[in-house]
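Given next are the chains, with one letter for each unit.
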Amino acid sequence: LTVEAHLRRALERGELRLVYQPKVTVREQRVVGFEALLRWTNPELGTVSPLDFVPIAERTGLILPIGSWVLEQACRQMEQWTSRLVRPVKVAVNLSPRQFHQKSLIDTIRRCLAQYRVGEGCLELEITETALMSREHEVDRRLHEIRELGVELAIDDFGTGYSSLAYLQRFPVSRLKVDRAFVRDLGRDEDSAAIVLSIVNLARGLKLQVVAEGVETESQLAVLREMACDEYQGFLFSKPVEADEVPALLARAG
Ligand code: G
Ligand code: G
Ligand code: MN
Ligand code: NA
């Protein structure tokens, strides 16, 4: 069987799951939320990276049922955590470009929010900068539809898409996520530092939160602290963890 054929059956066979990577404040290293990340383990193929299967899912349209499952699974999980914890847990879910434009997306989100107890403003959707670059008018309308449901929006992989900065002013987004390619060379390469600093300053000027991705070392974190970047994700604090490890991570925070 091809990877595509395996992927076609992955959902019904229960081979997909979500793991969660904490988002942490740069200043106090307090956990403020999690990003849900899809994992696929197949009996024949073993563990397949989303870098390999998400593009196949996107091309074949399988990303639509899979993406709906991801949204629902994240909301179900938030409800479970909320019933066990004192404070509600914020979770960000990645949306593929195709999912973002899918007609039924708004109904799917609405159904998830009706079915599960998800704290106010606790669901966030991450959309890549490149997904926002075409069909400006439709994109703008779609972003507003999502915001009207009380769902927050983040621009993922920011800095890689050459999008017009003018859009940022209009789009109802709350966060920019600095692509980890720029973060990787912080402390070693002045150009990367210049780019990250401009994104942080841009975000501050537009009153957006800014999150650095892929922080692996104390020296990268020190540079981000110097720049007054708001939040970070990365192996330095924690790799993505299984759902049942989330309560302990929240306890470690603070
Ligand atoms: O978790 P990891 O770093 O291996 O993810 C690799 C890529 O796969 C990232 O670009 C990430 O955004 C993407 N990805 C992970 N989970 C999902 C998901 O649920 N939906 C979509 N569309 N992309 C995802
Ligand atoms: O594109 P997106 O931001 O959704 O990608 C998230 C991906 O980044 C996940 O697959 C996650 O496993 C990966 N990731 C998270 N933290 C780090 C890190 O510190 N270093 C590296 N190399 N990858 C990371
Ligand atoms: Mn992401
Ligand atoms: Na990203």
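The structure displayed is predicted, hence computed values, not measured ones.

**Focus: the site of ligand 1**
L37, L38, S49, P50, L51, V54, V70, N94 and S96 make up every residue found near ligand 1. Of all the secondary-structure elements, those providing two or more residues to the shell around ligand 1 are β2 (31-42) and α2 (50-60). When residues in the shell around ligand 1 are grouped by element, the largest group, three residues, is from α2. Its residues placed into classes, the shell around ligand 1 shows six nonpolar, three polar and no charged.

**Remarks on the nonpolar core**
Inside soluble globular proteins, nonpolar side chains tend to come together where they are buried. By size, the foremost hydrophobic cluster in this structure holds 65 residues, and its most contacted members are A36, A74, V91, V93, V178, A212 and Y232. By residue number, the principal contributor to this core is helix α3 (residues 63-84), which donates eight residues.

**Some details on the pairing of strand β4 (residues 91-95)**
When you tally the buried positions in β4, you get four out of five residues, the bulk of the element. Inspection of the sheet shows β2 paired to β4 by three bridges, in the parallel sense. By the bridge assignment for β4, E35 is matched with A92. Examined bridge by bridge, β4 and strand β5 (residues 123-128) share five bridges and lie parallel to one another. By the bridge assignment for β5, N94 is matched with E126.

**Topic: the confidence of the model for the chain**
Mean pLDDT for the chain: 94, with 99% of residues reaching 70 or above. Scored as a whole, the predicted complex attains pTM 0.96, and scored at its interfaces, ipTM 0.96.

**Brief notes about the packing of helix α1 (residues 3-10) against α2**
It is at 11 Å that the axes of α1 and α2 come closest, and there the two elements cross at 80°. What the angle tells us is that α1 and α2 run roughly perpendicular. Only F53, I56, A57 and T60 of α2 make contact with α1, whose side of the interface consists of V3, E4 and L7. Looking at the contact of α1 with α2 residue by residue, the class counts come to five nonpolar, one polar and one charged.

**Some thoughts on the site of ligand 2**
The full set close to ligand 2 counts 14 residues, and N94, G214, E216, G234 and F235 are the nearest of them. When its residues are assigned to classes, the shell around ligand 2 shows four nonpolar, five polar and five charged.

**Quick word on the environment of E190**
Looking at where E190 falls in the secondary structure, it is placed in helix α9 (residues 190-205). The exposed category is assigned to E190, around which 10 C-beta atoms lie within 10 Å.

**Overview of the pairing of strand β1 (residues 16-25)**
Here nine bridges tie β1 to β2, and the two strands are oriented antiparallel to one another. Residue R17 lies in a different strand from β2, and its bridge partner there is R39. Counted between consecutive antiparallel strands, the loop separating β1 from β2 contains five residues, among which Q29 sits at a positive phi close to 55°. Sheet topology places β1 next to strand β9 (residues 231-232); two bridges connect them, and they run antiparallel. Residue pairing in the sheet places T25 in a bridge with E231 of β9.

What counts, and at which threshold
- Residues numbered from 1 in each chain as written.
- Chains lettered and ligands numbered in written order.
- Predicted model: local features only at pLDDT ≥ 70, side-chain atom pairs only at ≥ 80, totals over all residues.
- Near = placed C-beta within 6 Å.
- Helix = DSSP H or I, 4+ residues; strand = E, 2+ residues; numbered from the N terminus.
- Nonpolar A, V, L, I, M, F, W, Y, C, P; charged D, E, K, R; others polar.
- Core = buried A, V, L, I, M, F, W, Y, C linked by C-beta atoms within 7 Å.
- Buried ≥ 20, exposed ≤ 12 C-beta atoms within 10 Å, placed from the backbone.
- Pairing = 2+ DSSP bridges.
- pLDDT = per-residue confidence, 0-100.
- Axes fitted to C-alpha atoms, helices over the stretch in contact; angles between N-to-C directions.
- Parallel < 35°, antiparallel > 145°, perpendicular 65-115°, else oblique.
- Contact = placed C-beta atoms within 7 Å.

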